[in-house]
Amino acid sequence: MKFVYMLVLFSILAAACKNEQGVDRDVFIFGDDFYEISVHADKQKSVPDMDMLLRVKLPPNPSRSEIINYINIIYTLSRNQKSYLDSDPQVGMLTKVGRDNVDLILQASKPGVQWTKYGIEAINILVDDKDRNLILENLESNYALSKVVFKKGWCKEAEHILSDMISASSGYLPSETIKCIASLKNPEHYPILISYMTRGWNAHTTYGVIKNLPGIELTNALQLAWEGSRGKNYQIGYLTKDTLSTGYLPAFHFLFETIDDNYRVPHTIYDAKSLIKQFTYQLGTKQDLKQWYEKNKDNIVFDKDSKKYVIAIAHK
């Protein structure tokens, strides 16, 4: 597999050194050894590989094929990074191809590939209202363009495409997809947003976007999303506090199931001990709280007035 990859990469780099008429051009400066770039591409990187990226050049008045090679090599060098930030230099490098070649960035920037985030951010910088139709035509096949649609304020124009994407998906969608539809504040969209929250990825992100929409009712959906988040440490951590506010007893029992290890979630996101004290009248040490729970767990109910979990006999 690696040998095949090397052959493909070699052909890209070799083509990059010629224009469409087959004339040698100083397009990319990598020294004499094409193998060098494959070695750098395969290395794990904490930050962009500036030693190599600085050697990637576009010639004056580049041809379309040279621009394609330029994009491909930037993406190849960006493989195996630990993170991909909008502030990384690859974004600025890709914007150099210009607005007239946005379609080439689009062709190379497939959804679900980490390093193509650079291309989406470059597209966002390059396009204007004249390019709106181009973006909308590609939106259905590339959900990453939701970011461009949202930032450019084209949510109304993309309404039907976005709503169909949300309705059909049970996997990952960018938060901008949800934000765009939610920004329209149209109650007709509430059912698909609620449904996606309960079945899609990152339920806590979707919940955060839609929870304050006027007239939306999320009690049952939040409890269902919480149940679907079991085993997803950070997600359930973000959802637990608001789920407790709905009176959902399994979420309350979960606090004591996780009080010792905090479900391996940072206390800034989820703090079982603090939530127990917030949603009961109990004070004291962790051991005090556990002893109270063991003694009373079969008689605990939710008091809607105080928003506290109390002992049923005492509540009467």
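Structure's up top.
Quick notes on the rules
Residues numbered from 1 in each chain as written. Predicted model: local features only at pLDDT ≥ 70, side-chain atom pairs only at ≥ 80, totals over all residues. Heavy atoms only, no water. Helix = DSSP H or I, 4+ residues; strand = E, 2+ residues; numbered from the N terminus. Buried < 20%, exposed > 50% of the residue type's maximum accessible area, 1.4 Å probe, protein only. Polar contact = N/O pair within 3.5 Å; in protein donor to acceptor, adjacent residues only side chain to side chain. Contact = heavy atoms within 4.5 Å. Salt bridge = Lys/Arg side-chain N within 4 Å of Asp/Glu carboxyl O. Disulfide = S-S within 2.5 Å. Pairing = 2+ DSSP bridges. Axes fitted to C-alpha atoms, helices over the stretch in contact; angles between N-to-C directions. Parallel < 35°, antiparallel > 145°, perpendicular 65-115°, else oblique. Left-handed = near helix turned anticlockwise from the far one by under 90°.

Draft legend 1. Expanded view of unusual backbone geometry. The residue N80 is not glycine, and still its phi comes out positive at about 65°. Relative to the assigned elements, N80 resides in the loop between helix 4 (64-77) and helix 5 (89-95). Positioned with a positive phi, Y263 is a non-glycine residue whose angle comes to about 60°.

Draft legend 2. Representation of the side chain of S109 within the structure. With respect to the helices and strands, the residue S109 is situated in the loop between helix 6 (102-108) and helix 7 (117-126). Residue classification places S109 among the buried residues on the basis of a relative accessible area of 1%. There is a polar contact of 2.7 Å between the side chain of S109 and the backbone oxygen of I105. When sequence neighbours within four positions are dropped, the list of residues in contact with S109 reads Y75, T116, G119, I120 and N142.

Draft legend 3. Seen up close, helix 11 (residues 175-183). Restricting attention to buried positions, one finds in helix 11 the residues E176, T177, I178, C180, I181 and A182. Its buried side turned inward, helix 11 meets helix 9 (146-152), helix 10 (159-168), helix 12 (190-199) and helix 13 (203-210). K185 lies just past helix 11 and shows a positive phi near 50°.

Draft legend 4. How the structure looks around the pattern of salt bridges. Scanning the model with the defined rule gives 13 salt bridges in all. Between K147 and D86 there is a salt bridge, and its shortest N-O distance comes to 2.9 Å. Taken together, the residues K147 in helix 9 and D86 in the loop between helix 4 and helix 5 connect sequence positions 61 residues apart. Given a relative accessible area of 17%, K147 falls into the buried group.

Draft legend 5. Region of the structure containing the state of the cysteines. Counted under the stated rule, the structure contains 1 disulfide. The disulfide partner of C155 is C180, and the S-S distance across this bridge is 2.0 Å. Handedness of the C155-C180 disulfide follows from its S-S torsion of about -70°: it is left-handed. Taken together, the residues span a long stretch of sequence, with C155 in the loop between helix 9 and helix 10 and C180 in helix 11 at a distance of 25 residues. Given a relative accessible area of 0%, C180 falls into the buried group.

Draft legend 6. Main features of the pairing of strand 2 (residues 308-311). Where strand 1 (residues 300-303) and strand 2 come together, 4 bridges link them in antiparallel fashion. What sits directly across from I300, in strand 2, is I311.

Draft legend 7. Representation of the environment of Q278 within the structure. Considering the arrangement of structural elements, one finds Q278 in helix 17 (residues 272-278). In this structure Q278 comes out as partly exposed when scored by relative accessible area, which is 37%. Taking C-alpha positions, Q278 is 9.6 Å from K241, a pair spaced 37 residues apart along the chain. Among all residues touching Q278, those that are not within four sequence positions of it are K241 and K308.

Draft legend 8. Focus on the packing of helix 11 against helix 13. With their axes 10 Å apart at the nearest point, helix 11 and helix 13 run at an angle of 25° to one another. The angle between helix 11 and helix 13 falls in the class roughly parallel. Helix 11 and helix 13 meet at a crossing whose hand is right-handed. Contact residues: helix 11 offers S175, I178, K179 and A182, while helix 13 offers T205, T206, V209 and I210.

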